Amino acid sequence: MRGPGTWWRGKSTPAKVETYTRWSFHFFAVMEVVSVALPVIGEMSSRLGSWLLLVVCAHAAVSALVVSRALDWVCDRREQPLRPMWALGAVTAAVAATGLAVVEYGPKGDGVDSAAGSVFGAVMFFGVGIITLGVRRRRRVCALAAGFAAGAGLFVLLISRSVFAALVIALISLLGSGIFAFIAVFSVWLLKAVYELDEARETRARLAVAEERLRFGRDLHDVMGRNLSVIALKSELAVQLARRGRAEAVEQMIEVQRIAGESQREVRDVVRGYREADLEVELAGAQGVLTAAGIESRVTGRAVGLPVEVQSALAWVVREATTNVLRHGNAGQCSVGVRVSEGRVVLTVENDGADGASDEGGGSGGSGGSGLAGLRERLAAVDGTLDAGRVGDAMFRLVAEVPLAGAAVREVTV
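Described below are features of the structure shown in this document. Only a predicted model underlies this, so the values are computations on that prediction, with no experimental measurement involved.

**A look at the overall build of the chain**
Of the regular secondary structure elements, the chain holds 11 helices and 5 strands. Burial analysis of the chain (414 residues in total) assigns 43% to the buried set. For the chain, the accessible surface area stands at approximately 22,000 Å², while carbon and sulfur atoms represent 59% of it.

**Thoughts on the layout of surface pockets**
Looking at the second largest pocket, its volume works out to about 330 Å³. Forming the walls of the second largest pocket are 16 residues, and the residues nearest its centre are Met85, Trp86, Ile131, Val135 and Leu144. Residue assignment for the lining of the second largest pocket shows that the elements contributing at least two residues are helix H4 (82-105) and helix H6 (138-160). Residue contributions to the lining of the second largest pocket peak at 6 residues, all from H4.

**Observations concerning the pairing of strand E3 (residues 344-351)**
Moving residue by residue along a regular strand, the side chains alternate between the two faces of the sheet. Within E3, 6 of the 8 residues are buried, leaving the element largely enclosed by the surrounding structure. Examined bridge by bridge, strand E2 (residues 333-341) and E3 share 8 bridges and lie antiparallel to one another. Directly across from Gly337, in E3, lies its bridge partner Thr348. Connecting the antiparallel pair E2 and E3 is a turn made up of 2 residues, with Glu342 showing a positive phi of about 55°. Examined bridge by bridge, E3 and strand E5 (residues 395-403) share 8 bridges and lie antiparallel to one another.

**A short note on the nonpolar core**
Counting residues in hydrophobic clusters, the biggest one holds 50 residues, and the most contacted among them are Phe25, Phe120, Met124 and Leu133. Secondary structure elements with two or more residues in this core: helix H2 (13-43), helix H3 (46-74), H4, helix H5 (110-132), H6 and helix H7 (163-243). Met124 has contacts with Thr92, Ala96, Phe148, Ala152, Ser173 and Ser177, leaving out every residue within four places of it along the chain. In this structure, Val318, Ala331, Leu386 and Ala400 belong to the second largest nonpolar core, which totals 34 residues.

**Description of the pattern of salt bridges**
Across all of its chains, the model carries 11 salt bridges by this definition. Arg22 is the salt-bridge partner of Glu18, the closest N and O atoms lying 2.8 Å from each other. In this pair, Glu18 and Arg22 both sit in helix H2, 4 residues apart, roughly one turn of the helix. The exposure class assigned to Arg22 is buried, which follows from its relative accessible area of 14%. We note a salt bridge from Asp72 to Arg77, for which the minimum N-O separation is 3.5 Å. Take Asp72: its relative accessible area is 15%, and that puts it in the buried class. The network of salt bridges with common partners includes Glu18, Arg22, Asp72, Arg77 and Arg78.

**Observations regarding H4**
With 24 residues, H4 extends 34 Å between its outermost C-alpha atoms, agreeing within 8% with the 34 Å of an ideal straight helix rising 1.5 Å per residue. Buried within H4 we find Pro84, Met85, Leu88, Gly89, Thr92, Val95, Ala96, Ala97, Thr98, Gly99, Leu100 and Val102.

**Some points on unusual backbone geometry**
Of note in this structure, Arg161 is not a glycine but carries a positive phi near 60°. Mapped onto the secondary structure, Arg161 falls in the loop between H6 and H7. You can call Arg161 exposed: its relative accessible area is 69%. One non-glycine residue, Glu342, lies in positive phi territory at about 55°. Inspection of the secondary structure assignment puts Glu342 in the loop between E2 and E3. By relative accessible area, which is 81% here, Glu342 ends up exposed.

**Things to note about the packing of aromatic side chains**
The geometry of two aromatic rings is summed up by the distance between their centres and the angle between their planes. In total, this model carries 7 aromatic pairs according to the counting rule given. Note on Phe25 and Phe28: the rings are 5.2 Å apart at their centroids and 75° apart in plane angle, and the pair reads as edge-to-face. In this pair, Phe25 and Phe28 are both assigned in helix H2, 3 residues apart and thus about one turn of the helix distant. When sorted by exposure, Phe25 lands in the same class as Phe28, which is buried. Here Phe126 and Phe180 contribute two aromatic rings whose centre-to-centre distance is 5.1 Å and whose plane-to-plane angle is 70°, an arrangement assigned as edge-to-face. Highlighted residues: Phe126 in helix H5 and Phe180 in helix H7, separated in sequence by 54 residues.

**Description of a nonpolar patch on the surface**
Together, Leu175, Ile179, Phe182, Ile183, Phe186, Trp189 and Leu190 make up an exposed nonpolar region whose accessible area comes to about 720 Å². Mapped onto the secondary structure, Phe182 falls in helix H7. Given a relative accessible area of 57%, Phe182 falls into the exposed group.

**Thoughts on the sheet that holds E2**
Sheet strands pair via backbone hydrogen bonds, and the direction of the pair is either parallel or antiparallel. If you walk across this open sheet you meet the 5 strands as E1-E2-E3-E5-E4, and the pairing is mixed. Where the open sheet ends on each side, the last strands, each with one partner, are strand E1 (296-300) and strand E4 (385-391). When the angles between neighbouring strand axes are averaged without regard to direction, this sheet yields 10°.

What counts, and at which threshold
- Residues numbered from 1 in each chain as written.
- Predicted model: local features only at pLDDT ≥ 70, side-chain atom pairs only at ≥ 80, totals over all residues.
- Heavy atoms only, no water.
- Helix = DSSP H or I, 4+ residues; strand = E, 2+ residues; numbered from the N terminus.
- Buried < 20%, exposed > 50% of the residue type's maximum accessible area, 1.4 Å probe, protein only.
- Areas by Shrake-Rupley, 256 points an atom, 1.4 Å probe, with all protein chains shown as cover.
- 1 Å grid on protein atoms, 1.4 Å probe; cavity = no way out; pocket = protein on both sides within 12 Å on 5 of 7 lines; lining within 4 Å.
- Points joined across faces, edges and corners; volume = space filled by probe spheres on them.
- Pairing = 2+ DSSP bridges.
- Core = buried A, V, L, I, M, F, W, Y, C linked by side-chain atoms within 4.5 Å.
- Contact = heavy atoms within 4.5 Å.
- Salt bridge = Lys/Arg side-chain N within 4 Å of Asp/Glu carboxyl O.
- Expected span 1.5 Å × (residues − 1).
- Phe/Tyr/Trp six-rings, centres within 6.5 Å; stacked < 30°, edge-to-face > 60°.
- Patch = residues over 30% accessible without salt bridge, like charges linked within 9 Å, V, L, I, M, F, W, Y side chains within 5 Å.
- Axes fitted to C-alpha atoms, helices over the stretch in contact; angles between N-to-C directions.

The quantities given are spatial measurements derived from coordinates; they are silent on function.
Spelled out as C-alpha cells, the structure:
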C-alpha cells in the first residue's frame, strides 16, 4: 500500500517545481476569497456585501482557470490562452472599478472603505500577476502593469475629480501589480529553467549511451576489419594455389579457419563488454561523468591486483550503474565503493535518486541498457551475484559480489 507521501515522492524534480508553482498561484485565488471577499459581508449591508462576494468569487474562479491554462502553455502542452486572459483582464478591471466606486459612492464608514479598498487591491494585484503568467515578453509585462495602474488612476480621477487621489491610486496599483508581475515572471523563469536542466541531463545521458555505442563500433571495427582483411587475402591465395595444384592451399584454408574462429571469440567478447575492460578506468570515468552531471560523487577503493576477469565483470557493472543513475534516477549524491571481504570482491553503488523509480527501473540499476537481468548474466560468468533495491525512502543500493576463487591478489585499499 502506498504511503501518504508516495504521490509527492513519485514526481520528478521538474514535476515537483511545476506542482508547487501551480498550487501557489491557485492559493492566490483562495486568499482572495478568504481574506478579502468574506470580510466584506461583515462590513457592508447584506445585499451589497453578498454582491461583492459573488463578483470576487467569480474573479477567483477565472483566475484559477487562467493559472492552469497559462502554466500548461508555459510547459508547451497547449496554445497560449488568450481568451481566458482577456476575460480575466476584463473581470479584473470591472471588479477593481466596483471596489473604487463603493469607496466613493457606497455606505460611509472606515470599515466599508477598508473592505472595498481591499477588494480593489487584491483583485488588481492578483489579476495582473496571474495574467502575467501567460505573457512571454518582458515589455508586454511592464505595459500590462502600467496599463492597469494608469486605468485605475484615470478611473479615480473621473469619479473623485482629485488629481492627488488619482496619482496615489496609480502609484499603489503600479507598485502592487509590479511586485506580483515580478513574482509571476520569476516563477515562470524558474519552472522553464528546471525543465531545461532536466532535458539537458537526459541529453547528457543519451550522449553517454551514444558514446558507448561508438566505442562498441570502434572495437568491433578493430576486431573484424583486420581479421576480415587477412581472411580475404588468405582465401584468395588459397584459390590461386589450388588452381595450380599446390598443397599449400590446404594450409592457407586451415589458417583462414583459425582466424575465423578467433574472430568469433573476439566479437563475442566485444558484445559482452569484456574486451579490455578496466575497473580503474571505469571508476575514474564514473566519478567524472557524475560530477559533470551535477551529482556529488564519492569513489572509494581501488582495483589494484584483482584478476582480469573480475575487473572486467565489475567494470561493466560500474558503467551500467552510472549510466542508469543519469538516465533513470533523480540523484543528488552517488557513492561507488570497492572492497575485498572474506575472499569476495564487493562493489557497492548507492544513490539518493530512488524517488519515483521502481526497483527494476530506477536509481542505479535501471532497466535502461542491459538492466539488472543483463548485469546478473555478466556476473554469473564469474560466479558473481547482484542485489539491488531501495534502502529507506529515497536511497537505491546496488551490490555486486564476485568470488576471488583462490586467485592470488593483493589487498584492495579502501
